[in-house]
Structure formats: structure tokens, C-alpha cells
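Descriptive structure summary
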Number of protein chains: 2
Amino acid sequence: MRLIEIACKERLKSILHNEGLRYTSQRQEIWNELLESKEHRDAEEIYYSLMNRGIQVSRATVYRTIDMLVKNNMIEKLDIGDGKARFEYNDKYKHHDHLICTACGKIVEFYSKNIDKYQREIAKKNKFELLHHSHHLFGICEDCQ
Amino acid sequence: MRLIEIACKERLKSILHNEGLRYTSQRQEIWNELLESKEHRDAEEIYYSLMNRGIQVSRATVYRTIDMLVKNNMIEKLDIGDGKARFEYNDKYKHHDHLICTACGKIVEFYSKNIDKYQREIAKKNKFELLHHSHHLFGICEDCQ
DNA sequence: ATTTTAATGAGACTAATTAACAACAATATT
DNA sequence: AATATTGTTGTTAATTAGTCTCATTAAAAT
Ligand SMILES: [Zn+2]
Ligand SMILES: [Zn+2]
Ligand SMILES: [Zn+2]
Ligand SMILES: [Zn+2]
């Protein structure tokens, strides 16, 4: 096990502890699944991936655990409007938004300091306390053009 | 009937004609419903609003008509991530994005020329042909703070 | 007016999620 | 250690938003 994995394991443990929740094998496995592949994954995918690796966790537990991880800022929810939510490891120092190809579904990440700045200005001007945002650019990727 | 309503009625008629579709009473009513209140409305709301006014239109027709209106750029779809799509009259000269209060659900509109510019730059840099975007700022509005 | 063809309504169906609940497991209390 | 309490799980049922099918109805074309 690499150092980063140990660090993440401890992070899960400490968050569960703080919340008065228990460190269970199911929660470990789901958290691992989300850590190992940092891509944009949906609940069903995580469920089947665990199944395929012979790890029996119920669908409900997958949903519940994902929910708990989102609430504790361990993962971020991504809704690209196709009816199912995707999740990805939330690296605080690498916040990003998404470019989505409407032809092939490819997801590319982007970040713009400038946009970030303007967002904050807009929130301020409208007297909103900004909590988070969702910003998707939809288009056709190079391969699909 | 005000001039603007007549203009909009003609707009619907002409679009239906161009597409080889029929100008039905149901389509008129749904289009009216979306025009009269330019707020952010979901399909179910439109369906019940028509029902309450004694206008019998089926759920399927509401969904189908909304779909047709979106495809013809008469209305815009807005997905704020709460599981249901909202729609609003698409005034080409007043494109805007949204600030959403996570406490009371209030939706405030904003537009930033600068953000628009950076979006186009990002798409270009990633060799995406930009089609549309979705940009929501979530936070707590002044009243809810 | 008749024919052609698109549109509608009713309800079955789907996918993603959520809730209810009983059984089980981990802690806390005595 | 025994018992009570509380958290977690899997199963199943429910919900929600939206889609699909198909017999019937209504525009539009002739
Ligand atoms: Zn593509
Ligand atoms: Zn991402
Ligand atoms: Zn509010
Ligand atoms: Zn709006």
C-alpha cells in the first residue's frame, strides 16, 4: 500500500470518527474504489466494479456511502444532465470544471482562475454567500468533429 | 392579446410549418404557458397549471412539446441538479446563467461577458466546438443568511 | 368530403434513487 | 459478562421524472 493510500484510509477513518460513524469494510471498499480510479464514476458502475472483484456490497450501501462522502467533502458530485450523478475524488488543490463532448461523452477537465474570480464577483454583487458551483461546457471534441 | 403574444404565436406557427409539424391547440397552450410566466418551470408544473385552468393536455404531450420547443430554440433547458429539468423562454438577446440559493431555492439570473469570453477560449484551447454551456453558482441568498 | 398522415391520451414501463424495516454488529452501561 | 442502545446493512418496496406503445383523434392535403 502506497503512502497516499494510507493517508486516504486515515482520512476516512478520522472523518467517520468525527461524525460518530463506524469504520466498516463496505465503506472502506467504496472509498477505495473512488480513490483508485479518479475518473468520473456513477453509482451503478461502482456497484458493479465491486461485484466483479467479488466484493459484495448492496446498492443501497453504495448510495448511502457516496452520500456520506459527498457530505464530508471527500468526493465531489458531477451532474452532466444525463440523468445519473457522477462522483470523483475531491482534491482540494485541484478543483476543476468540465468540457463534455455531446457526441462521444468524453469528459475533459479545465480550470480558469479568471472565471473563478468573476464568479466570486457575481456572487458578491448579488449578495450570495457562494458555496459551490457547477460549470459545464458542452460541445464536440476534436475526434468527433 | 398583446402584440408580443401575437408575434410569439406566429413564431410558433412558422416554426411548426418549417418543420412540417401541425399547429395544434395543445402546442399553443403549452407554448402560451411558457410565455406567460417566463420563470423557470418544470414539466409537471406546466402540466398541472394547464389542468387547473381546465385545459386538458396529457403529460406525454407536455413532455413532447417541451422537447420540440427546446430543439427549435424556443425555450432553454435548465438543469440545476435536483433531478428535474426546468424550462424558460429563450430570448436570444438575453442569455443568462443562474445563481441558486440552496436554502430557499430562489433562482437569480446573471450574465458575464468576461466569463463568456473565457469559456470560448477554453473550448478553443481544448479543440472543442462549443455548442452550449451550463453554469450555476450555488450559495445562500441575502434573505437566508 | 375524403383521404392521408401526424398528434394525442392513457397507461404501462424504465432508470436512478430513496425509504422502510428487520436482522445483525459494534459500543456503552450496568 | 450480560444487557441495552445505537449504527449499519441487505432486501424489498416506493418514488420520481421521464419515455414508450398503440389505439384513437384531428390537421392538412386533395
Ligand atoms: Zn467526442
Ligand atoms: Zn473531473
Ligand atoms: Zn434563499
Ligand atoms: Zn433563467
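The structure displayed is predicted, hence computed values, not measured ones.

Description of the overall build of chain A
Of the regular secondary structure elements, chain A holds five helices and six strands. Along chain A, from the amino end to the carboxyl end, the secondary structure elements read α-α-β-α-α-β-β-β-β-α-β. With respect to the three principal axes, the spread of C-alpha positions in chain A is 45 × 40 × 30 Å. By sequence separation, contacts in chain A at least 24 residues apart represent 47% of the contacts at least 6 residues apart. Total accessible area on chain A stands at roughly 8,600 Å², and carbon and sulfur atoms take up 48% of it. Considering chain A, the positive charge centre built from 24 side chains and the negative charge centre built from 23 side chains are found 5 Å apart.

Some points on the sheet that holds strand β3 (residues 86-89) of chain B
Residues and elements named next belong to chain B. In spatial order, the strands read β1-β3-β2; together these three strands make up an open sheet with antiparallel pairing. Each end of this open sheet is capped by a strand with a single partner; those strands are β1 (41-42) and β2 (75-78). Sheet contacts for helix α2 (residues 25-36): β1, β2 and β3; angle to β3, the most-contacted strand, approximately 80°.

Considering the side chain of Arg41 of chain A
Residue and element names in this part refer to chain A. Tracing the backbone shows Arg41 in strand β1 (residues 41-42). Owing to a relative accessible area of 8%, Arg41 belongs among the buried residues under this scheme. The residues contacting Arg41, other than those within four sequence positions of it, are Glu33, Ile46, Ser49, Ala85, Arg86 and Phe87.

Notes on the domain arrangement of chain A
Residues and elements named next belong to chain A. When the domains of chain A are assigned, the result is domain 1 (3-92) and domain 2 (95-144). Using C-alpha coordinates to define each centre, domain 1 is positioned 23 Å away from domain 2. Counting residues at the interface gives nine residues for domain 1, matched by eight residues for domain 2. Here domain 1 meets domain 2 over a buried area of about 640 Å², counting both sides, of which 56% is carbon and sulfur. Summed over the three residues of domain 1 that lose the most area to domain 2, namely His40, Leu78 and Ile80, the buried surface amounts to 57% of that side. At the boundary of domain 1 and domain 2, one finds zero salt bridges. Between domain 1 and domain 2 we count five residue pairs in polar contact (both at pLDDT 80 or more) in total. Only β2 (75-78) and β3 (86-89) provide two or more residues apiece to the side of domain 1 that touches domain 2. For the side of domain 1 that touches domain 2, a count of residues per class yields two nonpolar, one polar and six charged.

Digging into the sheet that holds strand β4 (residues 97-101) of chain A
Pairing in this open sheet of six strands is mixed, and the strands run β5(A)-β4(A)-β6(A)-β6(B)-β4(B)-β5(B) from one edge to the other. Each edge of the open sheet is held by one strand with a lone partner, namely β5 (107-110) of chain A together with β5 (107-110) of chain B. The mean inter-strand angle of the sheet, taken between neighbouring strand axes irrespective of direction, is 25°. Here strand β4 (residues 97-101) of chain B pairs with β5 of chain B via four bridges, running antiparallel. Bridge assignment links Asp97 of chain B to a residue of β5 of chain B, and that residue is Phe110 of chain B. Its contacts with the sheet place helix α5 (residues 113-125) of chain A against β6 (129-140) of chain A together with β4, β5 and β6 (129-140) of chain B, and it is angled at close to 130° to β6 of chain A.

A short note on the coordination of the zinc ion (ligand 1)
All names here are of chain A. Taken together, Cys101 (SG), Cys104 (SG), Cys141 (SG) and Cys144 (SG) make up the full set of protein donors to the zinc ion (ligand 1), lying 2.2 to 2.4 Å away. In the primary sequence, the donor residues of the zinc ion (ligand 1) line up as C-x2-C-x36-C-x2-C. Residue Cys104 is found in the loop between β4 and β5, and its partner Cys141 is found in the segment after β6; the two are separated by 37 residues along the sequence. Judged by its relative accessible area of 1%, Cys141 falls in the buried class.

Definitions and limits used
- Residues numbered from 1 in each chain as written.
- Chains lettered and ligands numbered in written order.
- Predicted model: local features only at pLDDT ≥ 70, side-chain atom pairs only at ≥ 80, totals over all residues.
- Heavy atoms only, no water.
- Helix = DSSP H or I, 4+ residues; strand = E, 2+ residues; numbered from the N terminus.
- Contact = heavy atoms within 4.5 Å.
- Areas by Shrake-Rupley, 256 points an atom, 1.4 Å probe, with all protein chains shown as cover.
- Lys, Arg positive; Asp, Glu negative; His and termini not counted.
- Charge placed at Lys NZ, Arg CZ, Asp CG, Glu CD.
- Pairing = 2+ DSSP bridges.
- Axes fitted to C-alpha atoms, helices over the stretch in contact; angles between N-to-C directions.
- Buried < 20%, exposed > 50% of the residue type's maximum accessible area, 1.4 Å probe, protein only.
- Domains from an automatic or database assignment.
- Buried area = accessible area lost by both parts, 1.4 Å probe.
- Salt bridge = Lys/Arg side-chain N within 4 Å of Asp/Glu carboxyl O.
- Polar contact = N/O pair within 3.5 Å; in protein donor to acceptor, adjacent residues only side chain to side chain.
- Nonpolar A, V, L, I, M, F, W, Y, C, P; charged D, E, K, R; others polar.
- Donors = N, O, S within 2.8 Å, 3.2 Å for Na, K, Ca; no water.

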